[in-house]
Amino acid sequence: MSTTLIAALAAGVVPAADAFAAPLSPAAAAAPSVPAPDMEGVTAALDSAMADGAPGAMARFTGPSGVESRTVGVRDRTSGAPMDIHARFRIGSVSKTFSTVVLLQLVEEGRLELDAPVNRYLPGLLPDDRITVRHLLTHRSGLADYTDAMFADTVPGFEAVRNRVFSYQELVDLSLSEPRTTEPGVAYKYSNANFVVVGMLIEKLTGRPVSDAYERRIFKPLKLRGTSYVHPDTRIEGLHVRGYLHPDAAGDPLVDSTEQTVSWAQSAGAVISSPADLNTFTGALMRGRLLSPAMLEEMTTVTPTDATNTRFYGLGLRRYDLSCGTRVFGHTGTVQGFYTYAFSTRDGRRSLSAVANTSNHGAANTALGGTLEAAFCGKKPTVAPSSRAASSPAARDFSSLPAERDLPERH
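Please read these numbers as outputs of a predicted model, since none were measured by experiment. (Residues numbered from 1 in each chain as written. Predicted model: local features only at pLDDT ≥ 70, side-chain atom pairs only at ≥ 80, totals over all residues. Heavy atoms only, no water.)

A. Summary view of the sheet that holds strand β7 (residues 255–256). Strand order in the open sheet made by the three strands is β7-β6-β15, with mixed pairing throughout. Each having just a single partner strand, β7 and β15 (358–359) make up the two edges of the open sheet. Relative to β7, strand β6 (residues 244–245) runs antiparallel, the two being bridged by two bridges. By the bridge assignment for β7, L245 is matched with V255. (Pairing = 2+ DSSP bridges. Helix = DSSP H or I, 4+ residues; strand = E, 2+ residues; numbered from the N terminus.)

B. How the structure looks around the nonpolar core. Counting residues in each nonpolar core, the largest one holds 80 residues, and the members touching the most others are F98, W264 and L285. Among all residues touching W264, those that are not within four sequence positions of it are Y146, T147, M150, F151, V161, F166, L171, V335, Q336 and L407. (Core = buried A, V, L, I, M, F, W, Y, C linked by side-chain atoms within 4.5 Å. Buried < 20%, exposed > 50% of the residue type's maximum accessible area, 1.4 Å probe, protein only. Contact = heavy atoms within 4.5 Å.)

C. Geometry of the environment of I131. With respect to the helices and strands, the residue I131 is situated in the loop between α4 (118–121) and α5 (133–137). On the basis of relative accessibility, which here comes to 0%, the residue I131 falls in the buried class. In this structure I131 touches A116, P117, V118, L126, L136, S141, L143, R180 and P184, once residues within four positions along its chain are discounted.

D. Geometry of the environment of V328. Inspection of the secondary structure puts V328 in strand β12 (residues 327–335). If near-sequence neighbours (up to four positions away) are discounted, V328 is found in contact with R318, R319, Y320, L322, F343, S344, T345 and F376.

E. Quick peek at the packing of helix α3 (residues 95–108) against helix α11 (residues 275–286). Contact pair α3 / α11: the axes reach a minimum separation of 12 Å and the direction vectors enclose 40 degrees. When the axis of α3 is compared with that of α11, the two are oblique. For α3 against α11, the interelement crossing comes out left-handed. On α11, the residues that touch T97, F98 and V101 of α3 are L278, F281 and L285. (Axes fitted to C-alpha atoms, helices over the stretch in contact; angles between N-to-C directions. Parallel < 35°, antiparallel > 145°, perpendicular 65-115°, else oblique. Left-handed = near helix turned anticlockwise from the far one by under 90°.)

F. How the structure looks around empty space enclosed by the protein. Evaluation of the coordinates by the stated rule reveals two cavities of 30 Å³ or more. In this structure, the largest cavity encloses a volume near 90 Å³. Per-class residue counts for the lining of the largest cavity are four nonpolar, five polar and one charged. Within this model, the second largest cavity holds a volume of roughly 60 Å³. Around the second largest cavity, the lining residues are R311, Y320, Y341, T366, G369, F398, S399, L401, A403 and E404. The residue makeup of the lining of the second largest cavity, split by class, is five nonpolar, three polar and two charged. (1 Å grid on protein atoms, 1.4 Å probe; cavity = no way out; pocket = protein on both sides within 12 Å on 5 of 7 lines; lining within 4 Å. Points joined across faces, edges and corners; volume = space filled by probe spheres on them. Nonpolar A, V, L, I, M, F, W, Y, C, P; charged D, E, K, R; others polar.)

Structural data, given as structure tokens:
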């Protein structure tokens, strides 16, 4: 295990639009005290992810006192190279938040309306005119997730699409070939198909590839030099983490899944990034450097995704309510060989990114999620059993809950 401590805060990011960067009020300038991150707890969570099958894991926290990072294990099983906090990796469904920011910027520019039918902008694409743009961003469209069938057999499914290049329309057709999961707007049901359609909307409205929109609207303004959208090239350039996929049969050897087109996901999951860039992105987003206050309020307005009273979804954004009462916003990501968490507090002052280089092993994903409690809530106080019983039901330890699944899981 290697341990890195960086004493100074990273340089500030450049606003995407000056109009969104308002000066702090005197009240806001007097920042409330927050618990120091429990970096021992973060390391314990990373170690647990390794114990549950990840070859390596790492996490990077930024806060008022600076930047701290921890790494364990290896980023490459063949060479034995240790995990490196500067290495890049596939972020999976964290890409959905990038796609959402682009689409919401287009809403602000008057190019589309959140509550308008998708078919207004992509005529005839969907079989139901009631499905709106908002339904896509909140996973309430009812469009089936085609990845359930695609990866029903994990490794064979992956190998069948590893080098394949899909069109957006092919992916939509795969979704529409299956029964819809709910009536539009009725219930939350996570589906990668929603963000394939988001990619189609971005390209239709801008007349350019989605990669161009990411680059011009997010990567360059925030100086995310380690972040890119790579499709259909299969490589991750430069220093990077190799990903390892668990087969469905227990005991079978891990599959190196690093090289792939990720064409099965595209705007739903094909971005590559680094821990530092993810901290910068989620922090800048929450500080209003990418969206206006009104649009950020829309994005962070959430509804429950389950019965735990800890998990919520807004517009392309998850909210997790931690045991200490802190609320964090961001997204989880799963792509073959990688689990990712990228979250910030609502004021953008504290951010955490964490990754483990495996997938199809939910225990590792759940363990990695323990970095959130440790980083944002600090060391847990010793509480008497009677006091614990009297605490609020909403204050349950988030890390005790099984991780949410962005792709089918067999373990």
